[in-house]
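The primary structure of each chain is shown beneath.
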Amino acid sequence: MTLALGCIADDYTGASDLANTLTKAGLRTVQTIGVPAADLALPEVDAVVVSLKSRSIPADEAVARSREAAAWLNARGAGHLLFKVCSTFDSTDAGNIGPVTDALREDAGEAIALVTPAFPETARTVYLGHLFVGTVPLAESPLKDHPLNPMRDSNLVRVLARQSRGQVGLVDLATVANGAEAVSARLDALAREGKGAAIADAVLDRDLAVLGAAALTRKVSTGASGLGLGLARALVAAGRVAPRAAEADLGPAIGGPAACLAGSCSQATLGQIARAEAAMPVRRLDPARLLAGEDEAGAALTWAMERIGAGPVLIASSAGPEAVAKVQARYGRDAAGHAIEAAMARIAEGLVARGVRRLVVAGGETSGAVVDRLGLPAFRVGPEIAAGVPVLRTTDRDMWLALKSGNFGGPDFFADALRLMP
């Protein structure tokens, strides 16, 4: 296998988003969970997205896992490495975007890496280094209250510099408008100034094509799925990949019971849960009971199995910012987060053991915990449910999944996903 593009994603839903984007752009793509085993059988593909759960772990661990993934991808001839991060740049002053970007860039022998989370299709744009969520600066958006990585600075040059060893520069929109050669020249100039990374502006879809072509002249870049789209288009334009239509048929129907799990506390997911209550039974976990040591997961599983024969069910640990803050203040942010993730993973394991083969999961951390507990090695990418969210079919068993970043999807996302999982 010789890969045109190797990708390392810092969470599982982001990996699905990227795999979906690459597939739509014509690249045959597989998403793996963790660094694949040496004997994992994969179809002939153009790109592999290695999914890690490294966004919120200690920076040295994130770097080590990312380097292991890079080694696996490089051993299969990856022509370029993309470190895929969230389009809202989820991170802290300790990392992990800066430390991983520094490590991958240095290992590849590059002086500078292009960095952009822009993805105009999902209303993420960057102008003069500032990230906007729709029309609102990042620091004024709901992401300012993210339970793990609150984002309270919209200036990504400052954000990335605080977590990087070197200086960070800017490739502004005027430069991007002048084309890929101008962007490459700007990167060269910033590298001569000692900059190790550069935030790149992008406000329109066409800007991504420019940035992708410029990034492809180097071995490593960092960005969201928008940059992945730009790279895919550049690979096709350069004749390095022959575009292929996305697979419409991933195999026969699976059928049987279906369930949804929601762990994201984003406003989008909270709205989707509220909408789902009109279509299916919904149970909300009580984090206080869970953290007090009561078997809240077992009770939820029993509740689900009493109802799932009649149709899909939804179990949610999601809550609004005030409720989340109250739980974190009482039990500690890390303890609360880990306990809830473990409970959701246990519930997923119990559901699958009892015959569920269609599973929808909302929330990056929740998706990571669930997929790890189920021990799923890789996915084929199917039809798109919503922008950035495809249907996935496991490679080792008959099972449908959807892994959704908290902010993605329309109001009826859960019902929309289940309709595409026959």
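Residues numbered from 1 in each chain as written. Predicted model: local features only at pLDDT ≥ 70, side-chain atom pairs only at ≥ 80, totals over all residues. Heavy atoms only, no water.

Asker: Could you clarify how one ought to interpret the UniProt feature "domain: Four-carbon acid sugar kinase nucleotide binding" (unreviewed entry) in the protein in this entry?
Answerer: Under the feature "domain: Four-carbon acid sugar kinase nucleotide binding" (unreviewed entry), the UniProt entry names residues 260-414. Each end of residues 260-414 is marked by a C-alpha atom, and these two atoms are 7 Å apart; helix forms 46% of the span and strand 23%. (UniProt positions renumbered as here; feature names shortened; annotations may be inferred. Helix = DSSP H or I, 4+ residues; strand = E, 2+ residues; numbered from the N terminus.)

Asker: Mind showing me how you'd approach the pairing of strand S15 (residues 358-362) here?
Answerer: For a regular strand, side chains alternate in direction, first toward one face of the sheet and then toward the other. For S15, a buried count of five out of five residues is recorded, marking the element as mostly surrounded by other parts of the structure. Pairing analysis gives five bridges linking strand S12 (residues 258-262) to S15, with the strands arranged parallel. If you follow alanine 258 over to S15, its bridge partner there is arginine 358. Across five bridges, the pairing between S15 and strand S18 (residues 400-404) is parallel. (Buried < 20%, exposed > 50% of the residue type's maximum accessible area, 1.4 Å probe, protein only. Pairing = 2+ DSSP bridges.)

Asker: Even after reading the chapter, I still don't get the packing of helix H6 (residues 180-192) against helix H7 (residues 205-215), so can you show me in this structure?
Answerer: How two helices sit against one another is set out by the angle between their axes and by the gap between those axes. Axis separation between H6 and H7 bottoms out at 8 Å; the angle between their running directions is 55 degrees. When the interaxial angle is binned, H6 and H7 end up oblique. The interaxial crossing formed by H6 with H7 has right-handed handedness. Along the contact surface, H6 presents Ala180, Val183 and Ser184, while H7 presents Val210, Leu211, Ala213 and Ala214. Its residues placed into classes, the contact of H6 with H7 shows six nonpolar, one polar and no charged. (Axes fitted to C-alpha atoms, helices over the stretch in contact; angles between N-to-C directions. Parallel < 35°, antiparallel > 145°, perpendicular 65-115°, else oblique. Left-handed = near helix turned anticlockwise from the far one by under 90°. Contact = heavy atoms within 4.5 Å. Nonpolar A, V, L, I, M, F, W, Y, C, P; charged D, E, K, R; others polar.)

Asker: Looking at this structure, I do not really get the packing of helix H1 (residues 12-24) against helix H8 (residues 225-237). What am I missing?
Answerer: Between H1 and H8, whose axes approach to 9 Å, the crossing angle comes to 25 degrees. Classified by the angle their axes make, H1 and H8 are roughly parallel. At the point where H1 passes H8, the crossing takes the right-handed sense. Of H8, the residues touching H1 (which contributes Gly14, Asp17, Leu18, Thr21 and Leu22) are Ser225, Gly228, Leu229 and Ala232. Among the residues making up the contact of H1 with H8, the classes are represented as four nonpolar, four polar and one charged.

Asker: Would you explain the pairing of strand S3 (residues 47-51) in this entry?
Answerer: The buried fraction of S3 is high, at five of five residues. By the alternation rule, side chains of S3 split into Ala47, Val49 and Ser51 and Val48 and Val50, which are all buried. Where strand S1 (residues 5-9) and S3 come together, five bridges link them in parallel fashion. Its bridge partner being in S3, glycine 6 is matched across the sheet by valine 48. In this structure, strand S2 (residues 29-33) lies alongside S3, joined through five bridges in parallel fashion. Note that in S3 the partner of threonine 32 across the bridge is valine 50.

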